[in-house]
Structure formats: structure tokens, C-alpha cells
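# Analysis of the macromolecular model
Residue-level listing of the chains:
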Amino acid sequence: MRMVLLGAPGSGKGTQGEKLVGHYGIPKISTGDALRAAVAAGTELGRKAKATMDAGQLVADDIVIGIVEERLGQPDARKGFVLDGFPRNTAQAQVLDTMLQRLGQPAVDKVVHLAVADEEIIKRLLERARKEGRADDKEDVIRRRIEVYNAETHPLLDYYRAQNKVVTVDGVGELETVFDRIVKALG
Ligand code: AP5
């Protein structure tokens, strides 16, 4: 199974992605996690990305494309993957298609769209800010991330709908309930 998780910030991509890893036995590739690890490690890439991430904007396409290409080329990704946070705009989606061809891998099978209303997202992320203090979980930055999602990422649904790959799942409810909905929708 080669799937993309698509949803607004805080819609549960990371949380459900972890559960899908266990269920399907495939790796999760999260550009957000990779970027945060680079920031924490103080690498040049992390230094380049930090201010953009803290402002709730998308980092440059070439940076995230490099991360994904390197990870998709590893042997464990040959049997499938869960992409969390990539692609995030149409240019990235087009690059992903050609990247998979170049790597000799089949195309993305399914795009799971996690639908969650903005007010629930803001509530979740402010709660996470209280517990974990993630740098971009500040209310003004959360609102900016939602704006960026609506402008840049949400249109990707049309890109993948044209390929008949989108399943939309209600992302509100207990974690297990949402997970069961995803697995059922994937068939
Ligand atoms: P990224 O890490 O991808 O962040 P995001 O899209 O803003 O998503 P989050 O990680 O905040 O939320 P999520 O949907 O994974 O939900 P989660 O499971 O964590 O990206 C961060 C930044 O990196 C971007 O802003 C950008 O700068 C850069 N970046 C990353 N990828 C990029 C790309 N491709 N191109 C360019 N830039 C890129 O859950 C959120 C919270 O809600 C958690 O506390 C969780 O416990 C809780 N929760 C989850 N599910 C439920 C539920 N059902 N009920 C109640 N609470 C729940």
C-alpha cells in the first residue's frame, strides 16, 4: 500500500500514520518529523528551515523533495509507505509521481483525506502547545498554517480526485474510531 495522508495541521496525520505503520507493516515518511529532527540536530538544512517552519510557512520544495527522495530510495519503502505531510502542493505531487517512476515503484494507491473543522484543530494544537511546546503551535502560527493548508495543500484533493484516489474520512472522534474508519475506507 502506497498512501498519502492529506489533512490540515492537527487533523491527525502523524497519529494515524503511526497506527497505519503497525497495521500495514510499511514505513511512515514524515517531512515535518524529518525537518524537526534536522532543526534539533542543528544541521545546515535545519538552520535553513527553522524560521520558515516557526512562521507556519512551507519550506522550499527542493529541501523536502530531497528528504523524500532519499527516504523512498531505501529498501523498506519498496513494499509501500505512508507519506505524512508530503506532498503539500501541486508541484510536490507532480515531482512525487515522476520520482516513483524513476525509482521503479508503482504510483500512489490512495490518498486519505482527514476532515477536521478548524476550531477542533485549533483546540488540539493549543492543547499540544500546553503539553509539548512545539515551536509552531502558537495561535497566530496555527491560523497561518491553516491558511497555508487551504491555499496550497487543499487544492491537491482535486489533483488526486482526478485520479480517483481520494478517500475522505471524518477525523473527529476517538483515535481507534478514526483509525477503523480509515482502514474500512481503504478496503
Ligand atoms: P508537519 O509536521 O507536517 O505539521 P502539520 O501538517 O502542521 O501537522 P501536525 O503535525 O501539527 O498535525 P498532524 O495532522 O500530524 O496531527 P497529529 O497527529 O500530530 O509540518 C510542520 C512544518 O514543516 C510545516 O508548517 C512546514 O513549515 C514544514 N513542512 C513539512 N512538510 C513540508 C512539505 N512537504 N513542504 C514544505 N514544508 C513542509 O495530531 C495533532 C494533535 O492532535 C496531537 O496532540 C494529537 O495527540 C491530537 N489528536 C490527534 N488525533 C486526535 C483525535 N482524533 N482526537 C483528539 N485529539 C487528537
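The notes below deal with the structure included here. Computed from a predicted model, the values in this text were never measured in an experiment. (Residues numbered from 1 in each chain as written. Predicted model: local features only at pLDDT ≥ 70, side-chain atom pairs only at ≥ 80, totals over all residues. Heavy atoms only, no water.)

### Some words on unusual backbone geometry
The residue after Phe86, namely Pro87, is reached through a cis peptide bond having omega 0 degrees. Counting through the fold element by element, Pro87 comes out in the loop between strand S3 (81-84) and helix H5 (90-102). Of note, Asn164 is a non-glycine position whose phi angle comes to about 60 degrees, a positive value. Here Asn164 is to be found in the loop between helix H8 (156-161) and strand S5 (166-170). (Helix = DSSP H or I, 4+ residues; strand = E, 2+ residues; numbered from the N terminus.)

### Some thoughts on helix H1 (residues 13-24)
Over its 12 residues, H1 extends 16 Å from the first C-alpha to the last, a length consistent with the 16 Å expected when each residue adds 1.5 Å. The set of residues buried in H1 consists of Lys13, Gln16, Gly17 and Leu20. Along the axis of H1, the buried residues cluster in a sector spanning 105 degrees; they form a single face. Gly25 sits one or two residues past H1 and shows a positive phi near 65 degrees. (Expected span 1.5 Å × (residues − 1). Buried < 20%, exposed > 50% of the residue type's maximum accessible area, 1.4 Å probe, protein only. Arc of directions from axis to C-beta.)

### Observations regarding the packing of aromatic side chains
For the coordinates displayed, the defined rule picks out one aromatic pair. Each ring, one from Tyr159 and one from Tyr160, has its centre 5.1 Å from the other, and the planes form 90 degrees; the classification is edge-to-face. Owing to a relative accessible area of 19%, Tyr159 belongs among the buried residues under this scheme. For Tyr160, a relative accessible area of 0% translates into the label buried. (Phe/Tyr/Trp six-rings, centres within 6.5 Å; stacked < 30°, edge-to-face > 60°.)

### Looking at the sheet that holds S5
Backbone-to-backbone hydrogen bonds pair the strands of a sheet. The strands run either parallel or antiparallel. A sheet is described by the order of its strands in space; here five strands give the open sequence S2-S3-S1-S4-S5, paired in parallel fashion. Each edge of the sheet is formed by a strand with only one pairing partner; in this case those strands are strand S2 (28-30) and S5. Direction aside, the axes of adjacent strands within the sheet are offset by 25 degrees on average. Strand direction decides the pairing type here: S2 and S3, joined by three bridges, are parallel. If you follow Ser30 over to S3, its bridge partner there is Asp84. (Pairing = 2+ DSSP bridges. Axes fitted to C-alpha atoms, helices over the stretch in contact; angles between N-to-C directions.)

### Some points on the site of the ligand
Not every one of the 30 residues close to the ligand is listed here, only the nearest: Thr15, Gln57, Arg88, Arg128 and Arg145. A distance of 2.7 Å is found between a nitrogen atom of the ligand and a side-chain nitrogen or oxygen belonging to Thr31. Note that a nitrogen atom of the ligand is positioned 2.8 Å from one of the backbone N or O atoms of Gly173. For the ligand, whose accessible area on its own is 1000 Å², the fraction buried by protein is 87%. Sorting the residues of the shell around the ligand by element identifies H1, helix H2 (31-41) and helix H6 (118-132) as the ones contributing at least two each. (Near = heavy atom within 4 Å. Polar contact = N/O pair within 3.5 Å; in protein donor to acceptor, adjacent residues only side chain to side chain. Areas by Shrake-Rupley, 256 points an atom, 1.4 Å probe, with all protein chains shown as cover.)

### Quick notes on the side chain of Asn89
Inspection of the secondary structure puts Asn89 in the loop between S3 and H5. Look at Asn89 and you get buried, because its relative accessible area is 9%. At 2.7 Å, the side chain of Asn89 and the backbone nitrogen of Gln92 are in polar contact. Every residue in contact with Asn89, bar those within four places of it in the chain, is listed here: Leu58, Asp61, Glu152 and Leu156. (Contact = heavy atoms within 4.5 Å.)

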